[in-house]
Amino acid sequence: EKENEVLTYAESYSLSIYLPAGDDILDEVESFESVAIDTAIDLQNSWAAEGENNMFRLEVYCERSFADEFSRAVLEDIPLVAVAFTIMSIFCVLVFWKKDKVQSRSLVGFGAVCTVLLSIMTGYGLAFMIGVPFTGLAQILPFVMFGIGLDDSFIIFGAYERIRENSSSVTDRIHDTVKETGMSIFLTTFTSTLAFAVGCISTIPAVYWLCLYAFPTIIIDFVYQVTFFLAIIALDEKRVKDGRMDGLVCITPKDRHEETREAGVQIEQSDTFLLGKFMAWYSDILLRPLVKAGVLVLFSILLAAMMYSTTQLERAFVFTDVLPKDSYVTSFINAVEDYSHNNVFIPEIHFRYVNQSDVSVQASMESFLEDMVKMPQISDLPQFFWLWDFRNFTNKTSSV
């Protein structure tokens, strides 16, 4: 009621609890916050379970909430690396698989994925040793590395397969493979490493830390490709010469090629890798005149659509996008935006390393604060300013 100044209706009620600060009690404060959050979330879930029978809704946020939820997002995404490893392993095994039990190279495909995984583990371990912070942005590196590393593996093995017909021994084949592909792989590694190394001068900490993880990991992957992966190819070639099965290396199949394999004669296979068959079919389709025209038309449409979409881009940063979808922090911030005009985070100004008892310093502090309040982005006076509070206190006590 406006006349009697009595509050009769409200959509929301905000309660803030301020805890003491200090390094000596930091652990106790954080422990209290953790218990308070768990208790509030339990009550929140209890009210939500009542459905329409309960008209109340509870949201909670504290100093440690964002850090806790961001860490939870990081931990929840870590299993995606295992998922990526599994998918890429299956893909590479199928790519290198052949019908012939001996000539099939699925173990080499799996070894290619393991090579990249080892480089990721080594790069991360090195970064952990020197104390580089692990952030959510650094989690994209494994997916980037699978792309970079497997590309090098395919190039190496493709060259090795072409050279097999002209080289007699495994040593000569490995030598010729490195000679043919070494420079191209080195240049791609160098350009990728240089790009991430330049990113290390970024002023954004998350980008800087990501680049510190990335550029040594790419170098390590190159080293593993020309050592570990080539060794895998050589060992698998020995398996083929011995006539042992792909995948079950302890078994020698008894079939129509047994005598030829035992004699050490190279067997010409009629079947090729699955990827080769697909690319042969794809090239035949792509070279048809009607398909060529369709490709040009589709490219033109996509180009026009992408050019238009660039004009509609808006620059924005919603920090809740880095939190889990079910985060209580996101729910709290949405509630504040819906039911309050206040900001979620209260900005603070600290005057350090000055004598605040000096009258001239106090005048400078007030002048600075007045200039800040005049900014269009600031609508209200600060809730707390010790100088104003102190003056009010002295004025009240002096009048008593």
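Once a new chain begins, its residue numbering starts again from 1 and follows that chain's sequence as written. Totals for whole chains, interfaces and linings use every residue, but because this is a predicted model, local features are given only for residues with pLDDT of at least 70 and side-chain atom pairs only at 80 or more, for both listing and counting. Side-chain measures were taken over the full set of non-hydrogen atoms in the model, leaving aside hydrogen atoms and water.

Concerning the overall build of the protein chain
The condition that has to hold: Only runs of H or I of at least four residues qualify as helices and only runs of E of at least two qualify as strands under DSSP, and these elements are numbered from the N terminus. Only protein chains enter the accessibility calculation, which uses a 1.4 Å probe; a residue whose area is less than 20% of its type maximum is buried, one above 50% is exposed, and one in between is partly exposed. The contact rule is simple, with two residues in contact once any of their heavy atoms fall within 4.5 Å. Using a 1.4 Å probe, the Shrake-Rupley method yields the accessible areas, and only the shown protein chains count as cover for residues.
A tally of helices and strands in the protein chain yields 13 helices and zero strands. Within the span of the protein chain, comprising 400 residues, buried residues form 29% of the whole. Taking contacts inside the protein chain between residues at least 6 apart in sequence as the whole, the part at least 24 apart equals 67%. Entry remark: accessible area of the protein chain is about 27300 Å², with carbon and sulfur atoms responsible for 64%.

Side note on the nonpolar core
To be explicit about the condition: Among buried residues, those of type Ala, Val, Leu, Ile, Met, Phe, Trp, Tyr and Cys that are joined through side-chain atoms within 4.5 Å constitute a nonpolar core.
Grouped together as the largest cluster of nonpolar side chains are 33 residues, with contacts concentrated most on Leu 141, Phe 146, Phe 157, Tyr 213, Phe 229 and Ile 233. Elements represented by at least two residues in this core include exactly helix H3 (79-95), helix H4 (106-130), helix H5 (141-163), helix H6 (170-199) and helix H7 (205-241). Counting residues in each nonpolar core, the second largest holds 10 residues, with Ala 40, Leu 323, Phe 332 and Val 336 among its members.

A short note on the pattern of salt bridges
This is how the line gets drawn: By definition, a salt bridge exists where a carboxyl oxygen of Asp or Glu is found within 4 Å of a side-chain nitrogen of Lys or Arg.
Tallied over the entire structure, the rule returns 11 salt bridges. Between Arg 162 and Glu 180 there is a salt bridge; the shortest N-O distance is 2.7 Å. Taken as a pair, Arg 162 in helix H5 and Glu 180 in helix H6 lie far apart in primary sequence, 18 residues in all. Glu 366 serves as the salt-bridge partner of Arg 391, at 2.8 Å between the closest nitrogen and oxygen. Taken together, the residues Arg 391 in helix H13 (residues 386-399) and Glu 366 in helix H12 (residues 359-373) connect sequence positions 25 residues apart. Judged by its relative accessible area of 16%, Glu 366 is buried.

Quick notes on a negative patch on the surface
To be explicit about the condition: Each patch is built from residues lacking any salt bridge and having more than 30% relative accessible area; the joining distance is 9 Å for like charges and 5 Å for nonpolar side chains (Val, Leu, Ile, Met, Phe, Trp, Tyr). Under this rule, positive means Lys or Arg and negative means Asp or Glu; His and the chain ends count for nothing. By convention, charge coordinates are those of NZ in Lys, CZ in Arg, CG in Asp, or CD in Glu.
Together, Asp 23, Asp 24, Asp 27, Glu 28 and Glu 30 make up a negatively charged patch on the protein surface. Topologically, Asp 23 is positioned in the segment before helix H1 (26-50). Here Asp 23 falls in the exposed class, since its relative accessible area comes to 75%.

Points about the packing of H5 against H7
Condition: Note on method: axes are straight lines fitted to C-alpha atoms, helices fitted across the in-contact stretch only, with angles between N-to-C directions ranging 0 to 180 degrees. By convention the crossing between two helices is left-handed if the near helix lies anticlockwise of the far one by an angle smaller than a right angle, and right-handed if it lies clockwise. Gly counts as polar in this scheme, as do all residues outside two lists: the nonpolar Ala, Val, Leu, Ile, Met, Phe, Trp, Tyr, Cys and Pro, and the charged Asp, Glu, Lys and Arg.
At a minimum axis distance of 10 Å, the contact between H5 and H7 shows a crossing angle of 30°. Seen along the crossing, H5 lies across H7 with a hand that is right-handed. Here Leu 141, Met 145, Ile 148, Gly 149, Asp 152, Ser 153, Ile 156, Phe 157 and Tyr 160 of H5 come into contact with H7, specifically with Leu 210, Tyr 213, Ala 214, Thr 217, Ile 218, Asp 221, Gln 225, Phe 229, Leu 230, Ile 233 and Glu 237. Among the residues forming the contact of H5 with H7, the class breakdown is 13 nonpolar, four polar and three charged.

As for unusual backbone geometry
Positive phi, close to 60°, is recorded for Tyr 353, a residue that is not glycine. Positionally, Tyr 353 belongs in the loop between helix H11 (328-339) and H12. Exposure remark for Tyr 353: the relative accessible area of 82% places this residue in the exposed category.

Topic: the side chain of Arg 239
Our working definition: Polar contacts here mean pairs of N or O atoms no more than 3.5 Å apart (in protein, one a potential hydrogen donor and the other a potential acceptor; neighbouring residues in sequence count only if both atoms are side-chain atoms).
Take Arg 239: it is sitting in helix H7. There is a polar contact of 2.9 Å between the side chain of Arg 239 and the backbone oxygen of Ser 104. One polar contact links Arg 239 to Asp 236, side chain to side chain, over a distance of 2.8 Å.

Section: H4
The test is simple: Given a helix with a known number of residues, its expected span is that number minus one, times 1.5 Å.
For H4, built from 25 residues, the straight-helix expectation of 36 Å at 1.5 Å per residue is met to within 8% by its first-to-last C-alpha distance of 37 Å. Gly 131 sits one or two residues past H4 and shows a positive phi near 85°.

With respect to a nonpolar patch on the surface
Among the surface-exposed residues, Leu 80, Val 83, Ile 87, Leu 137, Ile 140, Phe 143 and Val 144 lie close enough to one another that they form a single nonpolar patch of about 550 Å² accessible area. Listed by contribution, the elements that provide at least two residues to the nonpolar patch are H3 and H5. The element that contributes the greatest number of residues to the nonpolar patch is H3, accounting for three residues. The topology assignment puts Ile 140 in the loop between H4 and H5. A relative accessible area of 39% places Ile 140 in the partly exposed class.

A word on the environment of Gly 125
By secondary structure assignment, the location of Gly 125 is in helix H4. On the basis of relative accessible area, Gly 125 is assigned to the partly exposed category, the value being 25%. It is 9.5 Å that separates the C-alpha atoms of Gly 125 and Tyr 213, two residues lying 88 residues apart in sequence.

Some details on the confidence of the model for the protein chain
Rules: Confidence of the predictor at the level of single residues is captured by pLDDT, which takes values from 0 to 100.
The share of residues in the protein chain with pLDDT of 70 or more is 89%, and the mean pLDDT across the chain is 81. Every residue in residues 259-271 scores below 50 in pLDDT, and together they form 19 contacts with partners more than four places removed in sequence or on other chains.

A closer look at the packing of aromatic side chains
Our working rule: Each aromatic pair joins two rings of Phe, Tyr and Trp (for Trp, the six-membered one) with centres within 6.5 Å, and gets the label stacked for planes under 30 degrees apart, edge-to-face for over 60, and tilted for any other angle.
Tallied over the entire structure, the rule returns 18 aromatic pairs. Where Phe 128 meets Tyr 213, the ring centres are 6.1 Å apart and the plane angle is 80°; that geometry is what we call edge-to-face. In this pair, Phe 128 is assigned in helix H4 and Tyr 213 in helix H7, connecting sequence segments 85 residues apart. Its relative accessible area of 46% is what places Phe 128 among the partly exposed residues. Note on Phe 351 and Phe 368: the rings are 6.0 Å apart at their centroids and 85° apart in plane angle, and the pair reads as edge-to-face. Pair noted here: Phe 351 is in the loop between H11 and H12 and Phe 368 is in helix H12, with a separation of 17 residues, a long-range link. Ring pairs connect the aromatic residues Phe 96, Phe 154, Phe 157 and Tyr 160, which therefore count as one cluster.

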